[in-house]
Amino acid sequence: GALERRAPKQALHDLLCTVSGYDSAHVIDAYPNAPRPTVPFLSVNYRSHQTEAMAEVGKPIINADGTVTTRQVKVRRTCYCEVQIIGSDADALSLIIDKLFLPTSQGVMMAADFSVYDTDAVQDISGVVNKATYEKRAYADLRVRYTSLLTDDITDIHEVDIGSIVGDLAEDTVTITGG
């Protein structure tokens with residue numbers, strides 16, 4: 001099936017802008033050789049995604065002609081994100097993370113169907129960069145829950161021969177219709 005919604009990257013990006021007070025250009029996705037904005041800024045690395053539970057199968061989707069060929073399936077997932085602050089210290093990152101747990105932030109996350117539900121301790125990783133410049137820096141891992149929405153093709157079973165499954169114990173063919 002087709003993936004309709006993925007990790008809430010844009011919603012988390014927007015929320016980090018709000019709680020940090022940084023503009024959109026100062027909250028960036030981490031990737032090698034990414035252009036660096038002026039300091040301070042946040043860098044977010046979406047490291048891994050894991051399925052949490054079995055899929056929840058939704059109602060069939062009725063096509064314009066009245067046929068049903070697909071249904072929506074919800075898959076609950078966890079994303080592990082590393083957030084770094086560059087050009088500021090661990091206290092600044094701790095404050096930003098604390099603001100993620102304020103009721104206002106929780107309401108924003110609920111409306112966007114995701115949740116930052118846990119964090120690791122903020123680590124100060126300040127040090128010399130490029131053998132010349134001391135740079136303040138800190139990071140912490142966030143755990144984010146979200147729901148992926150998938151579209152699944154519906155396959156109907158129209159007939160099952162019980163005799164072929166249980167041998168001589170069944171004499172009849174059972175027909176299952178619908179779908």
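Conventions used here
Residues numbered from 1 in each chain as written. Predicted model: local features only at pLDDT ≥ 70, side-chain atom pairs only at ≥ 80, totals over all residues. Heavy atoms only, no water. Pairing = 2+ DSSP bridges. Helix = DSSP H or I, 4+ residues; strand = E, 2+ residues; numbered from the N terminus. Polar contact = N/O pair within 3.5 Å; in protein donor to acceptor, adjacent residues only side chain to side chain. Contact = heavy atoms within 4.5 Å. Core = buried A, V, L, I, M, F, W, Y, C linked by side-chain atoms within 4.5 Å. Buried < 20%, exposed > 50% of the residue type's maximum accessible area, 1.4 Å probe, protein only. Expected span 1.5 Å × (residues − 1).

Trainee: Run through the pairing of strand β4 (residues 56–62), naming residues and quoting values.
Mentor: Direction of pairing for β4 relative to strand β5 (residues 68–86): antiparallel, over a ladder of 5 bridges. Residue pairing for β5: isoleucine 62 is matched across the bridge by valine 68.

Trainee: So, the side chain of arginine 77: which residues are in play, and what are the values?
Mentor: When you line up the elements, arginine 77 lands in strand β5. Among the polar contacts listed, one links the side chain of arginine 77 to the side chain of threonine 51, at a separation of 2.8 Å. The residues contacting arginine 77, other than those within four sequence positions of it, are His49, Gln50, Thr51, Glu52, Val144, Arg145, Tyr146 and Ser148.

Trainee: Describe the nonpolar core, and please don't skip the residues or the numbers.
Mentor: Among the nonpolar cores identified, the biggest contains 27 residues, and Leu12, Leu16, Leu42, Cys81, Leu93, Phe114 and Val116 are the most heavily contacted of them. Contributing elements (two or more residues each) for this core: α1 (9–20), β3 (41–51), β5, α2 (90–99), β6 (114–119) and β10 (137–153). Residues contacting valine 116, with those up to four places away along its chain left out, are Leu12, Leu100, Phe101, Gln106, Met109, Leu142, Arg143 and Val144.

Trainee: Explain α1 to me, using residue names and the numbers behind them.
Mentor: Taking 1.5 Å of rise per residue, 12 residues should cover 16 Å, and α1 covers 16 Å from first to last C-alpha, within 8% of that figure. Looking at α1, one finds that the buried residues are Leu12, His13, Leu15, Leu16, Cys17, Val19 and Ser20. Where α1 ends, the next residue or the one after it, glycine 21, has phi of about 80°, a positive value.

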